[in-house]
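Chain residues, written in single-letter form:
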Amino acid sequence: MYALPAGALRLVHLSDTHLSGDGSLHQGVVDTTAALDRVLAEADRVEGVRLLVGSGDLSDDGTRDSYALLRGRLETWAGRRDAAVVLAPGNHDVREGFGAVLGDGHGGPAPDSVEVPIDGVTDLDGWRVVTLDSSVPRAGWGSLRPAQLARLGELLATPAERGTVLVLHHPPVPAPTTLHESLALQAPEALGAVIEGTDVRVVLAGHYHHHIVGSLAGVPVLVAPGVTNETDVAAPHGTERAVRGSAFLVVDVLAEGPVRSTVVRAHARGDGEEVFVLDEEAVRRIAAEAGPAAPPR
């Protein structure tokens with residue numbers, strides 16, 4: 001790994017661990033605990049990490065046991081490195097379980113009500129790390145409420161010493177597949193209007209299970225690859241396919257200059273093998289059930 005300039009923040013960004021409380025296999029195929037262990041073992045080789053970010057879909061079943069499993073793994077890893085841990089909820093996460101075990105994802109308490117999004121702030125070495133809960137309970141699409149955006153605007157009105165890193169699950173950039181289009185963040189331009197011209201240096205997200213680089217209001221957006229599996233972005237339009245594969249990002253936010261991002265893969269036997277495939281009918285059904293047009297549940 002290249003040398004870290006003075007004043008830079010180096011972080012490991014992982015997403016979509018999809019852990020289960022009972023150890024069941026994701027999609028009946030993937031051992032997500034083993035996948036996370038491989039990723040953390042590979043990340044252990046990266047020097048100079050001060051922050052570990054998890055950008056949602058940390059659990060697959062929303063149970064307290066799944067979050068306890070995650071917390072134990074991440075705190076052990078970070079404790080050896082003197083690194084902070086910051087976590088944001090995703091659409092598969094359940095606020096009750098997340099809040100009970102992980103609090104606000106920054107070491108503080110969760111909101112008293114599960115109806116309130118779980119947002120948080122950490123100050124680290126002069127950097128400000130903000131998480132926004134873009135999840136919509138019992139749905140797959142993402143949304144940021146007006147109150148969240150208002151609080152973010154108030155926070156960003158005072159610049160941090162070195163800058164701000166913003167984390168959420170649903171990326172504010174176009175989706176790579178038809179299914180993810182139906183489960184995307186609604187009105188990303190509203191977020192763009194809040195961060196434009198502020199000290200936000202980078203936006204980190206997950207959800208797509210594939211590394212994507214984009215921008216919002218002139219700010220780089222980095223989508224982490226999945227820990228659980230990898231979306232086949234070359235699958236026929238209208239379908240959805242995933243294959244075995246685990247990876248994470250190493251992100252350097254420089255005190256001055258551009259943000260640097262490197263994909264690191266945690267290789268395993270069977271990488272590239274099919275995990276699941278959904279035809280156009282199945283994609284339409286899921287979009288109708290979990291997308292923004294679905295009736296409330």
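So, here is what we can say about the structure in this document. Keep in mind that what you see is a predicted model, and the values were worked out from it rather than measured.

What follows is about the overall build of the chain. What the chain contains, in helices and strands, is 7 helices and 14 strands. The C-alpha atoms of the chain give a radius of gyration of 18 Å, which matches the 19 Å a tight globule of 297 residues would have. When the backbone C-alpha atoms are referred to their principal axes, the chain occupies close to 50 × 40 × 35 Å. When the 297 residues of the chain are sorted by exposure, 55% land in the buried category. Considering only intrachain contacts with a sequence separation of at least 6, the fraction spanning at least 24 residues in the chain is 70%.

Buried within helix α7 (residues 280-290) we find A282, V283, A287 and A290. Along the axis of α7, the buried residues cluster in a sector spanning 135 degrees; they form a single face. Facing away from the buried side of α7 by over 90 degrees, the exposed positions are E281 and R284. Buried residues along α7 sit in contact with α5 (178-182), β11 (240-243) and β14 (274-278).

The next subject is the pattern of salt bridges. Under the defined criterion, the tally for this structure stands at 18 salt bridges. Where D119 meets R151, a salt bridge forms, and the shortest distance between an N and an O atom there is 3.3 Å. Here D119 is found in the loop between α3 (95-102) and β4 (120-124), whereas its partner R151 is found in helix α4 (residues 146-156), with 32 residues between them in sequence. With a relative accessible area of 43%, R151 lands in the partly exposed category. Put simply, R10, D252 and R260 are held in one network by salt bridges that share partners.

Next up on the list: the packing of aromatic side chains. Taken as a whole and assessed by the stated rule, the structure comprises 1 aromatic pair. When the centroid spacing of 5.7 Å and the interplanar angle of 75 degrees are considered together, the rings of Y67 and F98 count as edge-to-face. Of the two residues, Y67 sits in helix α2 (residues 64-81) while F98 sits in helix α3, which places them 31 residues apart along the sequence. F98 shares its class with Y67; the two are buried.

Our next topic: the sheet that holds β11. Strand order in the open sheet formed by 3 strands is β10-β11-β14, and the pairing between neighbours is antiparallel. Since the sheet does not close on itself, it has two edges, and those belong to β10 (230-231) and β14, each with one partner. Pairing of β10 with β11, which is carried by 2 bridges, proceeds in the antiparallel orientation. Residue pairing for β11: T231 is matched across the bridge by A242.

Our focus in this paragraph is the nonpolar core. By size, the foremost hydrophobic cluster in this structure holds 28 residues, and its most contacted members are L14, L70, W77, L102 and F248. Sorting the residues of this core by element identifies β1 (9-14), α1 (32-43), α2, α3 and β12 (247-253) as the ones contributing at least two each. Excluding anything up to four places from it in sequence, F248 contacts V12, H13, L14, V39, E42, A43, P225, T262, V263 and V264. Counting residues in hydrophobic clusters, the runner-up holds 23 residues, among them V130, A175, A184 and L191.

Attention shifts here to the side chain of T228. Examined against the element boundaries, T228 turns out to sit in the loop between β9 (219-223) and β10. Classification of T228 by relative accessible area gives buried; the value is 2%. A polar side-chain atom of T228 sits 2.8 Å from the main-chain carbonyl oxygen of D16. Among the polar contacts listed, one links the side chain of T228 to the backbone oxygen of T17, at a separation of 3.0 Å. Setting aside residues up to four positions removed in sequence, T228 forms contacts with D16, T17, H18, H26, V30, T32, H209 and G245.

Here we come to the environment of E189. Secondary-structure assignment places E189 in helix α6 (residues 188-195). With 16 residues separating them along the chain, E189 and V173 place their C-alpha atoms 9.7 Å apart.

With that settled, consider the packing of α1 against α2. Two measures define how a pair of helices packs: the angle their axes make with one another and the distance between the axes. Taken N-terminus to C-terminus, the directions of α1 and α2 make an angle of 10 degrees; their axes are 11 Å apart at the nearest point. For the element pair α1 / α2, the angle class is roughly parallel. Along its contact with α1, which presents T33, L36, D37, L40 and A43, the element α2 presents L69, L70, R73, L74, W77 and R81. For the contact of α1 with α2, a count of residues per class yields 7 nonpolar, 1 polar and 3 charged.

Here β1 lies mainly inside the structure; 6 of its 6 residues are buried. By the alternation rule, side chains of β1 split into L9, L11 and H13 and R10, V12 and L14, which are all buried. Here 5 bridges tie β1 to β12, and the two strands are oriented antiparallel to one another. Its bridge partner being in β12, R10 is matched across the sheet by D252. In the sheet, β1 pairs with strand β2 (residues 51-55) via 4 bridges, with the strands oriented parallel. The partner of H13 across the bridge, within β2, is V53. Once you follow β1 into α1 and on to β2, the crossover reads as right-handed.

Here is what the cut-offs are and how they apply
- Residues numbered from 1 in each chain as written.
- Predicted model: local features only at pLDDT ≥ 70, side-chain atom pairs only at ≥ 80, totals over all residues.
- Heavy atoms only, no water.
- Helix = DSSP H or I, 4+ residues; strand = E, 2+ residues; numbered from the N terminus.
- Rg over C-alpha atoms; globule rule 2.2 N^0.38 Å.
- Buried < 20%, exposed > 50% of the residue type's maximum accessible area, 1.4 Å probe, protein only.
- Contact = heavy atoms within 4.5 Å.
- Arc of directions from axis to C-beta.
- Salt bridge = Lys/Arg side-chain N within 4 Å of Asp/Glu carboxyl O.
- Phe/Tyr/Trp six-rings, centres within 6.5 Å; stacked < 30°, edge-to-face > 60°.
- Pairing = 2+ DSSP bridges.
- Core = buried A, V, L, I, M, F, W, Y, C linked by side-chain atoms within 4.5 Å.
- Polar contact = N/O pair within 3.5 Å; in protein donor to acceptor, adjacent residues only side chain to side chain.
- Axes fitted to C-alpha atoms, helices over the stretch in contact; angles between N-to-C directions.
- Parallel < 35°, antiparallel > 145°, perpendicular 65-115°, else oblique.
- Nonpolar A, V, L, I, M, F, W, Y, C, P; charged D, E, K, R; others polar.
- Right-handed = clockwise from strand over helix to strand, strands pointing away.

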